[in-house]
Each structure stands twice: as structure tokens, then as C-alpha cells.
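One letter stands for each residue in the lines below.
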Amino acid sequence: MNNQNDDNNYSKTSKGSDSDIRQKVFGQLTTGKLLFLALISLLLSVAGPLFVFAPVPLSIAFLLYGKGKTWGLIGATVVIILAGSYAFANVASVRMMSIYFLVASVVAFLTARVVWKKENPVSGLLKNGFSVFAIMALIFGAFVLVSGKSTVDIFTESVVLVGDSLKTSKGFDEFLAEGGEQAVAMKYIIDKPKEVAITVLKMTFAIAFVGTFFIFWISQFMLMRNSLIWRQFYEYPYKMKDLVRFKVPEHFVYALIVAMALIPLGTYVLQNEVVETIGWNVVYSLGIFYFFQGFGIVSDALDTYGIFGFFRSIIVILSIFMGYQAVTILGIADIWIDFRKFLKKKNKMKEI
């Protein structure tokens, strides 16, 4: 059976001159459109959780306008932000915007490179994720060695800075006076920064690992989802189904079982916090891959039941940001239950 989602969302390479293709797909590739893509990425970079989408416009920009123009615009944007932050003291807080924007730019470049090199999207995802995570770990290790401080002290100082920022924010006292769970949590950050730092430090490995792979996966997913824009320019041999049909090696389940066993073992039997922490970190780190696998099943189910368009987009968004735990469990269950076999039977019944 043909993947209807691919047929609906991705066009095959059209014949004709390059100028005809460009006008058909994206109009004239003007500087204004490049600026627009960069502006969208810049705004998403400072939009909290929406940061995960920030690399997408820049990935498209890299594919349409090339490395030179796109990196040139990124560099100019960073210089303007830094110059403005130093020139006007009251906007010094926007300095962090340049860091977020640069991070999004690097992710965008590596995501676009998967298309340039005609790599399988899963192979590209794994290569980018592990490479960036390793570099992050090396940079953090070097920073700890150079600083001469313990990791607990470094994290505590960071939490103190966050607490100081909260205390100086407008209306913070009134917010605390109103009470509520968020107010209690913020007060805890201010009053007990070391305890907060230790809690965060325990899960730093999993947070960094999962965050790295999730951002790359979202970027790759959205780039493939919008391949109609750029596919005309590249003979890229892979489609969305090659990304979403992610399959975790079956023997990884043994590592997952051992990690899950370490949690109660460390908590109740050995009463060893280190063992418990290792268990949680491994479970979450492996969990991101089972989420990818589970999402592939969700995607195939949507194809089987003919759910496309706006309603499909809503289900996809809910699955990623609200139903991620259920999707992960689905991916783990796929080890023992062949969901795709059931979906194939469903397709055959529809054809009869």
C-alpha cells in the first residue's frame, strides 16, 4: 500500500528549468524571505517551550539559500543583538537571545546537512544527537575543570542567579502573596538553592540527552513534513516514512529492564541514591528512542484510518507534547506486540 501521507504532503521532482521550479515552489528567493525565516527563528528562540521549533525556519533557509547567505545573516543578527545589548543597559537581558539563536542555527545547519549528504534521516538523527551530546559533555567537563569548583557549587550558583532574577521581576512579591503551587516552588528555589541544584544535577544527564535528541528529531520531522518547499531542489531519496518508522534494536529492552530494576533496588533494598539515580537516567535516556518508535506506530495508524489534514496535525501535536508517555509505552509494547501487523490486516480488509 502506498503511504498516502507522503503522496499528500510531498511532491516528486518536477521537470523543467530551475527558474520554473523556484517560481512554482517558493516564488523568487528574495532577501526579504530569508530575513523573514530568520526573524521567525529568532522569535521562536526566546518563546520558551517553542524553542524546539526554532531551528526549522533556518533549516529551510539553509536548503533554499545556501550556507553562505544563511550563515552571513545569522552572524549579522548576532552582532546586532550583542551591539544593542551593550549599547543600551536596559536591554542587556536580550544578550541571551543571541545564544539561543546560535544554538538553533547549529541545530538547523546539522539538520539541513542530512539532506545535503543524502543520509537516511534516522542515521542523520543518531549521528547529530550523539555528536552534539558528546561535545556538550566535553565542554561541561572542561568548564568544571577550569573553574576549580564542584558541580554542585556550579549548579547552586546558577540556581541563585535564577532566584535573584525572580526576586527582581515585576510583581513577584504580589505573586508570592497570592500563594499556590507555583509560588511555593519559586520560594523553594530562592530559599534552598543548593537542594534545588542537587535535584537538577541528579537528572542532568537524562535532561541533556533527551533534550538533544528531541530537538534534533523535531527539527528533522518538521523539515521532512515541509519537504514540498525544498525537495524540488534536492534529489533526496528518503521520505517521512523513513524517519517515523524508527526501530529500536530489540536487545535494548534488556538494558531498559535492568535500569527499571535499579530504581526500586536503590530506593527500597540498597537505599542507595546513586543506584536509583542511574536507573532513572538510563530509563529516560532509552525512553526517548522508544518514543520515536511509538510515534511511528501512531503515524502508521493515522495512515491506515485515513486521518489527514488539520485533524491529523492536531493528533500529532497532542501525541508529541501531551501524550508522549503513552506514545513511549506504545513503542516499548511494540517489542512484544506487532502493531503494524494488525494495521496491515486492517488495510487488507478495507481493500476487500
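Shown above is the structure to which this text applies.
(A) View of the overall build of the protein chain. A tally of helices and strands in the protein chain yields 18 helices and 0 strands. Burial status across the protein chain gives 39% buried among its 352 residues. Considering only contacts in the protein chain between residues 6 or more positions apart, those separated by 24 or more positions represent 72%.

(B) Highlighting the nonpolar core. Ranked by internal contacts, the top residues of the largest apolar core, which has 68 residues, are Trp217, Trp230 and Phe292. It is helix H4 (residues 55-87) that contributes the most residues to this core, 12 residues altogether.

(C) Structural view of the packing of helix H5 (residues 95-116) against helix H6 (residues 121-147). Running from N to C, H5 and H6 point in directions that differ by 145°, and their axes come no closer than 10 Å. In this structure, the crossing between H5 and H6 has a hand that is right-handed. Contacts from Leu110, Thr111, Arg113 and Val114 in H5 reach Pro121, Gly124, Asn128 and Val132 in H6.

(D) Fine view of the pattern of salt bridges. Across all of its chains, the model carries 8 salt bridges by this definition. Lys127 is the salt-bridge partner of Glu119, the closest N and O atoms lying 2.4 Å from each other. Its salt-bridge partner being Lys187, residue Asp191 comes within 2.7 Å of it at the nearest N-O pair. With a gap of 4 residues between them, Asp191 and Lys187 both fall in helix H9 (residues 181-191), about one helical turn apart. Here the salt bridges do not stand alone but share partners, grouping Arg245, Asp300 and Arg340 into one network.

(E) Representation of the packing of aromatic side chains in the model. For the coordinates displayed, the defined rule picks out 33 aromatic pairs. An angle of 75° between the planes, with centres 5.6 Å apart, marks the rings of Trp217 and Phe291 as edge-to-face. Here Phe291 lies in helix H15 (residues 273-304) and Trp217 lies in helix H11 (residues 204-225), a separation of 74 residues in the sequence. Relative accessible area serves as the criterion here: at 3%, Phe291 is assigned to the buried category. Both rings, one in Phe246 and one in Phe289, keep their centres 6.2 Å apart while their planes meet at 0°; by these two values the pair is stacked. Here Phe246 is found in the loop between helix H13 (240-244) and helix H14 (252-269), whereas its partner Phe289 is found in helix H15, with 43 residues between them in sequence. Seen from the ring of Trp116, Lys67 lies directly overhead, with NZ or CZ sitting 4.9 Å from the centre.

(F) Representation of the side chain of Thr77. Tracing the backbone shows Thr77 in helix H4. Once residues lying within four places of it in the same chain are set aside, the contact partners of Thr77 are Leu42 and Phe101.

(G) Representation of the packing of H14 against H15 in the model. At a minimum axis separation of 7 Å, H14 and H15 run at an interaxial angle of 150°. With respect to H15, the axis of H14 lies roughly antiparallel. As H14 packs across H15, the resulting crossing turns out to be left-handed. Contacts between H14 and H15 involve Phe252, Val253, Ala255, Leu256, Ala259, Met260, Leu262, Ile263, Gly266 and Thr267 from the former and Val275, Glu276, Ile278, Gly279, Trp280, Val282, Val283, Leu286 and Tyr290 from the latter.

About the cut-offs
Residues numbered from 1 in each chain as written. Predicted model: local features only at pLDDT ≥ 70, side-chain atom pairs only at ≥ 80, totals over all residues. Heavy atoms only, no water. Helix = DSSP H or I, 4+ residues; strand = E, 2+ residues; numbered from the N terminus. Buried < 20%, exposed > 50% of the residue type's maximum accessible area, 1.4 Å probe, protein only. Contact = heavy atoms within 4.5 Å. Core = buried A, V, L, I, M, F, W, Y, C linked by side-chain atoms within 4.5 Å. Axes fitted to C-alpha atoms, helices over the stretch in contact; angles between N-to-C directions. Left-handed = near helix turned anticlockwise from the far one by under 90°. Salt bridge = Lys/Arg side-chain N within 4 Å of Asp/Glu carboxyl O. Phe/Tyr/Trp six-rings, centres within 6.5 Å; stacked < 30°, edge-to-face > 60°. Lys NZ or Arg CZ within 6 Å of the ring centre and 35° of its normal. Parallel < 35°, antiparallel > 145°, perpendicular 65-115°, else oblique.

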